[in-house]
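Survey of secondary and tertiary structure
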Amino acid sequence: MSDVWNALADKSRRTIIALLRERDMTAGEIAAHFDMAKPSVSHHLSILKNAGLVSCEKKGQNLIYSANMTVFQELIELVVAMADSSSDPLEANK
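Residues numbered from 1 in each chain as written. Predicted model: local features only at pLDDT ≥ 70, side-chain atom pairs only at ≥ 80, totals over all residues. Heavy atoms only, no water.

By the naming in an unreviewed UniProt entry, the chain goes by Regulatory protein ArsR and is assigned to Treponema brennaborense.

Below you can see the structure in the form of structure tokens.
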């Protein structure tokens, strides 16, 4: 879960996730929303993918990225468990 928190710590990566919640996109389409080099966008996508927040599928010559909402559901469940003082958040994942 620490990979998720580290990935979400960066504003650009949070913006990428917000874009992908609207629709699936290629790296080029995502890069068009930023004033940064395409390799930097690819680096952010790699971090998000390694954290399980983003998935990609090859379609022809393109990689199509999409947000993995399952991870967000798990994250919400963990936060709710942590907020509940009567439960142990580590037990919530077992």
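1. Thoughts on the overall build of the chain
A tally of helices and strands in the chain yields six helices and three strands. Start at the N end of the chain and walk to the C end: the helices and strands fall as α-α-β-α-α-β-β-α-α. Restricting to contacts in the chain with at least 6 residues of sequence separation, those with at least 24 account for 50%. For the chain, the computed accessible surface area is about 6,200 Å², with 50% contributed by carbon and sulfur atoms. (Helix = DSSP H or I, 4+ residues; strand = E, 2+ residues; numbered from the N terminus. Contact = heavy atoms within 4.5 Å. Areas by Shrake-Rupley, 256 points an atom, 1.4 Å probe, with all protein chains shown as cover.)

2. Regarding the pairing of strand E3 (residues 62-67)
Taken together, the two bridges between strand E1 (residues 25-26) and E3 define a ladder with antiparallel strand orientation. Across the sheet, the residue bridging to Thr26 is Ile64, located in E3. Examined bridge by bridge, strand E2 (residues 54-59) and E3 share six bridges and lie antiparallel to one another. Among the inter-strand pairings, Val54 is bridged to a residue of E3, identified as Ala67. In textbook terms, the turn of a hairpin is the stretch between consecutive antiparallel strands, and for E2 and E3 this stretch comprises two residues, one of which, Gly60, has a positive phi near 65 degrees. (Pairing = 2+ DSSP bridges.)

3. A word on the confidence of the model for the chain
When pLDDT is averaged along the chain, the result is 86, and 88% of the positions lie at 70 or above. Within the chain, helix H6 (residues 89-92) has the poorest average pLDDT of any element, 54, and E1 the best, 96. (pLDDT = per-residue confidence, 0-100.)

4. Some thoughts on the side chain of His44
For His44, the position within the fold is in helix H4 (residues 38-50). Other than its neighbours up to four places away in sequence, His44 contacts Asp10, Ser12, Arg13, Ile16 and Met36.

5. Points about the pattern of salt bridges
For side chains bearing opposite charge, pairing can occur when the charged atoms are close. On inspection of all chains with the given rule, the structure shows one salt bridge. In this structure, the salt-bridge partner of Glu29 is Arg23, at a minimum N-O distance of 3.7 Å. Classification of Arg23 by relative accessible area gives partly exposed; the value is 43%. (Salt bridge = Lys/Arg side-chain N within 4 Å of Asp/Glu carboxyl O. Buried < 20%, exposed > 50% of the residue type's maximum accessible area, 1.4 Å probe, protein only.)

6. Observations regarding the packing of helix H2 (residues 11-22) against H4
When two helices pack together, their arrangement is given by the angle between the helix axes and by the axis-to-axis distance. Interhelical geometry of H2 versus H4 gives an angle of 75 degrees and a closest axis separation of 10 Å. Looking at the two axes, H2 sits roughly perpendicular to H4. Residues Ser12, Arg13, Ile16 and Ile17 of H2 form the contact with H4, whose own contacting residues are His44, Leu45, Ile47 and Leu48. Residues of the contact of H2 with H4, tallied by class, amount to five nonpolar, two polar and one charged. (Axes fitted to C-alpha atoms, helices over the stretch in contact; angles between N-to-C directions. Parallel < 35°, antiparallel > 145°, perpendicular 65-115°, else oblique. Nonpolar A, V, L, I, M, F, W, Y, C, P; charged D, E, K, R; others polar.)

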